[in-house]
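Examination of the molecular architecture
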Amino acid sequence: EVSLLSTDWNAHGEGPFISNARQIFGEEGNGTGRRVPRVAFEAWSIDEALDRLARGEALDGVADVLIMDPPWRGLAQHHREEEGGLVRGDVAAKRIRGCAGLRGIIYMSCGPESFMQDADRLTGRDPSAHGEGWGPVFKLVDLKCYDMFPFTDHIETVGIFIRC
């Protein structure tokens, strides 16, 4: 059995997410013989999702695949110019890598710079993303960029990470 947890602050994403998951995997008892994942969509920040996973309040505390679409600042909780920009994305990246059952991440991003910073932490390329509590690294296995808003500099990035 596979468990998918999708987080997005936009609560209106639940319908499309559930519908897409059913189209891809089918529905239980549909006679296809395919295993149907447990699917959950929550309008939570990544921190809230990780807290609830740790407490067993989401998918019984186990998500095999985490689907996340953070704001432009990525996993960072704040943006402070005086501190060099994006701050504290390392905390969430460390918590994600520490989720023992997590086998994959689908990371959608509207901020290419924050995506690169978070990817470096998730893959261990960032020298500070090592040591106690970090957990095994992920490998970026696919990366696509989408021009969703032509004639602007806005690019959507989707990265697929798997646990090494």
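Throughout this document, residue positions are counted from 1 along each chain, in the order its sequence is written. Restriction of local features to residues with pLDDT of at least 70 applies here, the model being predicted, together with a cutoff of 80 or more for giving and counting side-chain atom pairs; totals for whole chains, interfaces and linings are based on all residues. Hydrogens are left out, water is left out, and the side-chain values use all remaining heavy atoms of the structure.

Moving on to the overall build of the protein chain. Strands here mean DSSP runs of E at least two residues long; helices mean DSSP runs of H or I at least four residues long; both are numbered from the N terminus. Along its length, the protein chain carries 4 helices and 8 strands. The buried share of the protein chain, taken over its 164 residues, is 39%. Only the protein chains shown count as covering a residue, and every accessible area follows the Shrake-Rupley method with a 1.4 Å probe. Counting every atom, the protein chain has about 9,300 Å² of accessible surface; 52% of that belongs to carbon and sulfur. Under the scheme applied here, a residue whose accessible area is under 20% of the maximum for its type counts as buried, over 50% as exposed, and between as partly exposed, the area being computed with a 1.4 Å probe on protein chains only.

Ring geometry is summarised as follows: Phe, Tyr and Trp rings, the Trp one being its six-membered ring, pair when their centres sit within 6.5 Å, and such pairs are stacked at plane angles under 30 degrees, edge-to-face over 60 and tilted between the two. In total, this model carries 2 aromatic pairs according to the counting rule given. On the basis of an interplanar angle of 90 degrees and a centroid distance of 5.0 Å, the ring pair of Y107 and F115 is categorised as edge-to-face. No difference in accessibility class separates Y107 from F115, as the two residues are buried. On the basis of an interplanar angle of 45 degrees and a centroid distance of 6.1 Å, the ring pair of F115 and F161 is categorised as tilted.

As a further point, take unusual backbone geometry. Working note: non-glycine residues mostly have negative phi, and peptide bonds are mostly trans. You will see that F151, though not glycine, has its phi angle at about 70 degrees, which is positive. Among the structural elements, F151 can be located in the loop between β7 (138-146) and β8 (156-163).

Attention now goes to the pattern of salt bridges. Opposite charge on two side chains permits them to pair, given that their charged atoms come into close proximity. Definition used for salt bridges: Asp or Glu carboxyl oxygen within 4 Å of a side-chain nitrogen of Lys or Arg. Within the structure shown, the criterion is met by 7 salt bridges. Across the salt bridge formed by D51 and R95, the nearest N and O atoms sit 2.5 Å from each other. With D51 in helix α2 (residues 46-54) and R95 in helix α3 (residues 89-97), this pair connects stretches of sequence that are 44 residues apart.

It is worth spelling out α3 at this point. Those residues of α3 not exposed but buried are G89, A92, A93, I96 and R97. One side of α3 carries all its buried residues, which in axial view fall inside an arc of 135 degrees. This arc is taken over the directions from the axis of the helix to the C-beta atoms.

With that settled, the discussion passes to the sheet that holds β8. DSSP bridges decide pairing: two strands pair if at least two such bridges lie between them. One open sheet accounts for 6 strands, arranged β2-β1-β3-β6-β8-β7; its pairing is mixed. Every interior strand has two partners, whereas the edge strands, β2 (38-42) and β7, have only one. Each neighbouring strand pair of the sheet contributes to a mean axis angle of 15 degrees, computed without reference to strand direction. In the packing of α2 onto the sheet, the strands contacted are β1 (3-7) and β3 (65-68), and the crossing angle to β1 comes to about 145 degrees. Convention adopted: a line fitted to C-alpha atoms gives each axis, helices being fitted over their contacting stretch, and angles between N-to-C directions are expressed from 0 to 180 degrees. Any two residues whose heavy atoms approach within 4.5 Å are treated as being in contact.

For residues with low pLDDT, the predicted coordinates do not support detailed interpretation. Confidence per residue, as judged by the predictor, is encoded in pLDDT with a range of 0 to 100. Averaged over every residue, the pLDDT of the protein chain is 80; the share at 70 or more is 82%. Of all secondary-structure elements in the protein chain, the lowest mean pLDDT belongs to strand β5 (residues 85-87), at 49, while β7 reaches the highest, 96.

On to the side chain of T123. When you line up the elements, T123 lands in helix α4 (residues 112-123). Assessed through its relative accessible area of 18%, T123 is described here as buried.

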